[in-house]
Amino acid sequence: MATTERVLPISALDRFNARAQPRPRIAVHKFSSCDGCQLAFLNAGEALLQLAQRVDLVHFAEAGPVDPEAPVDLAFVEGSISTPEEAERIRRVRANSRYLVSIGACATSGGLQALRNFNADGAVGWTEAIYAQPEFIQSLGSATPVAEHVKVDLELWGCPVNARQVFQALRQLLFGVAPVVDKDKLCVECKRQQHVCVLVAKGEPCMGPVTHTGCGALCPAFGRDCYACFGPAENPNTAALACRFEGLGLVPEAVARRFHFINSHAPSFRAEWLKWQEPE
Ligand code: SF4
Ligand code: SF4
């Protein structure tokens, strides 16, 4: 008897996945951070469900599975290293991971919490000002990027990173391809998308000329200046941009502040901030 049942075609990828081989094991670790970069996975929606069919997500506390000491093929790390416990834990994560990818401004440059690195007393004065019982707060004197503690195979900048960045890196690493990160400056992305330049047309102190691309030129698309949440681009001419800001009428302190924000610990931004500091 003829059957009406339809046999679905099996794709090459399904056949590849059906081979008797262990599924890649992936972990997502959190250090000092706001959890925003982990949302790049959760916001991916259907792509995350498809990923879960092809890999074992062995540790991702925000999404469910918890096994922080599990050996994995690929570990994503969010957050800066800001406490003695984190300085220990990141070494164990590195030892347990074939590839380690740091995600977000906190993990790649120390993030906002690295502003305390410029405080002569480190975190001491701030914890006393904020917490009723600061003696219970264990904090390192500085908040630093993951790469200052262990070898990092790939850095994805941004505050936060987006799903496109994360899933592109995932695909490339799992298929054994060396990850390619676009190194253009934000201005190039802005021009490609035909946004009106907020620096030239509106005289806004936009950080686009020295900022790493990757966000899709989000802020200029809405007519506002970039504040460099994706960190410094390759070979940024921060000196020329700072002079341009002064030409727009910013006082030295305001110029310095443009480089002293989410990625203040990044060497090129830190150096420019220092140059424009008002003498004490
Ligand atoms: S980089 Fe930004 S979004 Fe990501 S964890 Fe740090 S503060 Fe949050
Ligand atoms: S335009 Fe600048 S500040 Fe805005 S999201 Fe992109 S990198 Fe961040």
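Residues numbered from 1 in each chain as written. Chains lettered and ligands numbered in written order. Predicted model: local features only at pLDDT ≥ 70, side-chain atom pairs only at ≥ 80, totals over all residues. Heavy atoms only, no water.

(A) Structural detail: the domain arrangement of the protein. Parsing the protein into structural domains produces domain 1 (25–175) and domain 2 (186–276). Averaged C-alpha coordinates put domain 1 and domain 2 at centres separated by 25 Å. Listed as interface residues are 18 residues of domain 1 and, on the opposing side, 15 residues of domain 2. Overall, the association of domain 1 and domain 2 removes approximately 1,300 Å² of surface from exposure, summing both partners, and the carbon and sulfur fraction of that is 62%. For the interface between domain 1 and domain 2, the tally reads zero salt bridges. Taken together, the connections running from domain 1 to domain 2 amount to six residue pairs in polar contact (both at pLDDT 80 or more). Of the residues that constitute the side of domain 1 that touches domain 2, the class distribution is nine nonpolar, seven polar and two charged. (Domains from an automatic or database assignment. Contact = heavy atoms within 4.5 Å. Buried area = accessible area lost by both parts, 1.4 Å probe. Salt bridge = Lys/Arg side-chain N within 4 Å of Asp/Glu carboxyl O. Polar contact = N/O pair within 3.5 Å; in protein donor to acceptor, adjacent residues only side chain to side chain. Nonpolar A, V, L, I, M, F, W, Y, C, P; charged D, E, K, R; others polar.)

(B) Broad picture of the site of ligand 1. The immediate surroundings of ligand 1 are formed by Ser33, Cys34, Gly36, Cys37, Glu78, Gly104, Ala105, Cys106, Gly158, Cys159 and Pro160. Considering each element in turn, the shell around ligand 1 owes the most residues, three residues, to helix α5 (residues 104–109). In the shell around ligand 1, the residues fall into six nonpolar, four polar and one charged. (Near = heavy atom within 4 Å. Helix = DSSP H or I, 4+ residues; strand = E, 2+ residues; numbered from the N terminus.)

(C) Structural view of the side chain of serine 264. With respect to the helices, strands and loops of the structure, serine 264 is situated in the loop between α12 (252–258) and α13 (267–275). Given the relative accessible area of 0%, serine 264 is considered buried. With near-sequence residues (within four places) excluded, serine 264 lies in contact with Ala114, Leu115, Phe118, Phe259 and Arg270. (Buried < 20%, exposed > 50% of the residue type's maximum accessible area, 1.4 Å probe, protein only.)

(D) Broad picture of the environment of leucine 241. Mapped onto the fold, leucine 241 is located in helix α11 (residues 238–247). Sequence separation of leucine 241 and leucine 115 is 126 residues, and the distance between their C-alpha atoms is 22 Å. Not counting the four nearest positions on each side in its chain, leucine 241 is found in contact with Leu199, Cys206, Met207, Pro209 and Val210.

(E) Examining the UniProt feature "domain: NADH:ubiquinone oxidoreductase-like 20kDa subunit" (unreviewed entry) in the protein more closely. On the UniProt side, "domain: NADH:ubiquinone oxidoreductase-like 20kDa subunit" (unreviewed entry) is annotated at positions that read residues 34–173 here. Helix makes up 35% of residues 34–173 and strand makes up 16%, while its end C-alpha atoms are separated by 26 Å. (UniProt positions renumbered as here; feature names shortened; annotations may be inferred.)

(F) Focus on the packing of aromatic side chains. Going through the model one piece at a time under the given rule, you end up with seven aromatic pairs. Seen from the ring of phenylalanine 31, arginine 89 lies directly overhead, with NZ or CZ sitting 3.9 Å from the centre. (Phe/Tyr/Trp six-rings, centres within 6.5 Å; stacked < 30°, edge-to-face > 60°. Lys NZ or Arg CZ within 6 Å of the ring centre and 35° of its normal.)

(G) Main features of the pattern of salt bridges. Enumeration over the complete set of coordinates arrives at 11 salt bridges. Lysine 30 is the partner of aspartate 35 in a salt bridge, and the nearest nitrogen-oxygen pair spans 2.6 Å. We classify lysine 30 as partly exposed; its relative accessible area is 33%. Of the charged contacts in the structure, one is a salt bridge between glutamate 272 and lysine 275, with a shortest N-O distance of 3.2 Å. Of this pair, glutamate 272 and lysine 275 both sit in helix α13, three residues apart, which is roughly one turn of that helix.

(H) The nonpolar core, seen in detail. In this structure, Phe41, Phe76, Val101, Ile103, Leu156, Val166 and Leu170 are the most contacted members of the largest nonpolar core, which totals 22 residues. Mapped onto this core, the elements with two or more residues apiece are β1 (25–30), α2 (39–42), α3 (46–54), β3 (72–78), β4 (97–103), β5 (154–156) and α7 (163–174). Here this core gets five residues from one element, more than from any other, and that element is α7. Not counting residues within four places of it along the chain, the set of residues in contact with leucine 156 comprises Val101, Ser102, Ile103, Gly104, Thr108, Val161, Gln165, Val166, Ala169 and Val181. Core analysis: the second largest hydrophobic core is formed by 21 residues, Val198, Phe269, Trp273 and Trp276 among them. (Core = buried A, V, L, I, M, F, W, Y, C linked by side-chain atoms within 4.5 Å.)

(I) Highlighting unusual backbone geometry. In this chain, cysteine 159 is followed by proline 160 through a cis amide linkage whose omega measures 0°. Backbone geometry places aspartate 35, a non-glycine residue, at a positive phi of 80°. Among the secondary structure elements, aspartate 35 is positioned in the loop between β1 and α2. Positive phi values are uncommon outside glycine, yet alanine 217 reaches one of about 55°. Relative to the assigned elements, alanine 217 resides in the loop between α9 (198–202) and α10 (218–221).

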